[in-house]
Amino acid sequence: MKKNFLLPVLFLACVAGSLRAGNPPGLPSTAMQSDRSERLELYINVDESGVDEYPATISVYTKDIRSGKITYILTSNPRADIGWQQMKGTKNAIEVTSNDIPAIEKAVFLPGCDNLILIEGCPDARNIYTYVIDTDKQKVLRFPTTEGLLYFEPDERLIHLSSYRYRAEGGRYSVDMAYTYEGIFVNEAEMEMEE
């Protein structure tokens, strides 16, 4: 009788020990691949659907193509303050924490740099907020733009993002804002509207 009791106790002790050791939980079965570099695959997972005015909770992971190692990057915080007041008066990206990202709808690697992940989300049904996560430096940059990614210039290491402005006489227009991969503002140009 004592032998039958001892085996389940040993099993539970081993499982508890491996959980305390911080073993990675693995990639959720519902995760969707959003990008791929030569070395890594990038995944996003809907952890929890949006509730009321709050967006869904989304997690981001990478998977090493050769080893299969899964690395958890971050999880959005739907109740995060968008923090637009922090952005007033600056054209450069500012450093924030991963807990400051309220919504994630898109995740891609910056061309040529799979340690840099561009993330976008629209938490307020109007503005698309853009972030770059540097996984090597554990650093998150928020860009002062409102309409999302336009394109990359990989040879120049530039990110082109769109933002809207208001005309004094009324109406709205968009601008193409160029940034370095490090979040430094380079220039902007008004975008012509297609009719």
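See the structure printed just above.
For the structure given in this document, a descriptive report is provided here. (Residues numbered from 1 in each chain as written. Predicted model: local features only at pLDDT ≥ 70, side-chain atom pairs only at ≥ 80, totals over all residues. Heavy atoms only, no water.)

Comments concerning the overall build of the protein
Here comes step 1: Counting its regular elements, the protein contains two helices and 13 strands.
Here comes step 2: Within the protein, the fraction of its 195 residues that count as buried is 41%.
Here comes step 3: The contacts of the protein with a sequence gap of at least 6 include a subset with a gap of at least 24, amounting to 39%.
Here comes step 4: Surface exposure of the protein reaches about 12,000 Å², of which carbon and sulfur atoms provide 52%. (Helix = DSSP H or I, 4+ residues; strand = E, 2+ residues; numbered from the N terminus. Buried < 20%, exposed > 50% of the residue type's maximum accessible area, 1.4 Å probe, protein only. Contact = heavy atoms within 4.5 Å. Areas by Shrake-Rupley, 256 points an atom, 1.4 Å probe, with all protein chains shown as cover.)

Focus: the nonpolar core
In summary, soluble globular proteins display a tendency toward joint burial of nonpolar side chains.
Here comes step 1: Ranked by size, the top nonpolar core spans 21 residues in total, and within it Val 60, Leu 74, Ile 104, Ile 119 and Ile 133 carry the most contacts.
Here comes step 2: Among the nonpolar cores identified, the runner-up in size contains 18 residues, and Val 108, Leu 110, Leu 118 and Phe 152 belong to it. (Core = buried A, V, L, I, M, F, W, Y, C linked by side-chain atoms within 4.5 Å.)

Comments concerning the sheet that holds strand β12 (residues 172-180)
Here comes step 1: Spatial strand order, β10-β11-β12-β13: four strands in an open sheet with antiparallel pairing. Both edges of this open sheet fall to β10 (148-153) and β13 (185-190), since each of them pairs with a single strand only. Taking each pair of neighbouring strands and ignoring which way they run, the sheet shows an average axis angle of 30°.
Here comes step 2: Bridge analysis of β10 against strand β11 (residues 158-166) gives five bridges, and the strand direction is antiparallel. Pairing of Gly 148 across the sheet is with Ser 162, part of β11. (Pairing = 2+ DSSP bridges. Axes fitted to C-alpha atoms, helices over the stretch in contact; angles between N-to-C directions.)

Re the pattern of salt bridges
Side chains carrying opposite charge are able to pair once their charged atoms draw close together.
Here comes step 1: All told, the structure shown has seven salt bridges when counted by the stated rule.
Here comes step 2: Salt-bridge contacts for Glu 147 lead to Arg 172; the nearest nitrogen and oxygen are separated by 4.0 Å. Of this pair, Glu 147 sits in the loop between β9 (139-142) and β10 while Arg 172 is found in strand β12, placing the two residues 25 residues apart along the sequence.
Here comes step 3: Given a relative accessible area of 24%, Glu 147 falls into the partly exposed group.
Here comes step 4: When its relative accessible area of 42% is taken as the criterion, Arg 172 is described as partly exposed. (Salt bridge = Lys/Arg side-chain N within 4 Å of Asp/Glu carboxyl O.)

Some remarks on the packing of aromatic side chains
Here comes step 1: For the coordinates displayed, the defined rule picks out four aromatic pairs.
Here comes step 2: Where Tyr 164 meets Tyr 166, the ring centres are 5.7 Å apart and the plane angle is 80°; that geometry is what we call edge-to-face.
Here comes step 3: Among the aromatic residues, those joined into a cluster by ring pairs are Phe 143, Tyr 179 and Phe 185.
Here comes step 4: When the ring centre of Tyr 54 is taken as reference, the NZ or CZ atom of Arg 79 above it lies at 4.0 Å. (Phe/Tyr/Trp six-rings, centres within 6.5 Å; stacked < 30°, edge-to-face > 60°. Lys NZ or Arg CZ within 6 Å of the ring centre and 35° of its normal.)

Points about the pairing of strand β1 (residues 32-36)
Here comes step 1: Relative to strand β2 (residues 40-48), β1 runs antiparallel, the two being bridged by four bridges. For Arg 36, the partnering residue across the bridge sits in β2 and is Glu 41.
Here comes step 2: Hairpin connection between β1 and β2: a loop of three residues separates the two successive antiparallel strands.

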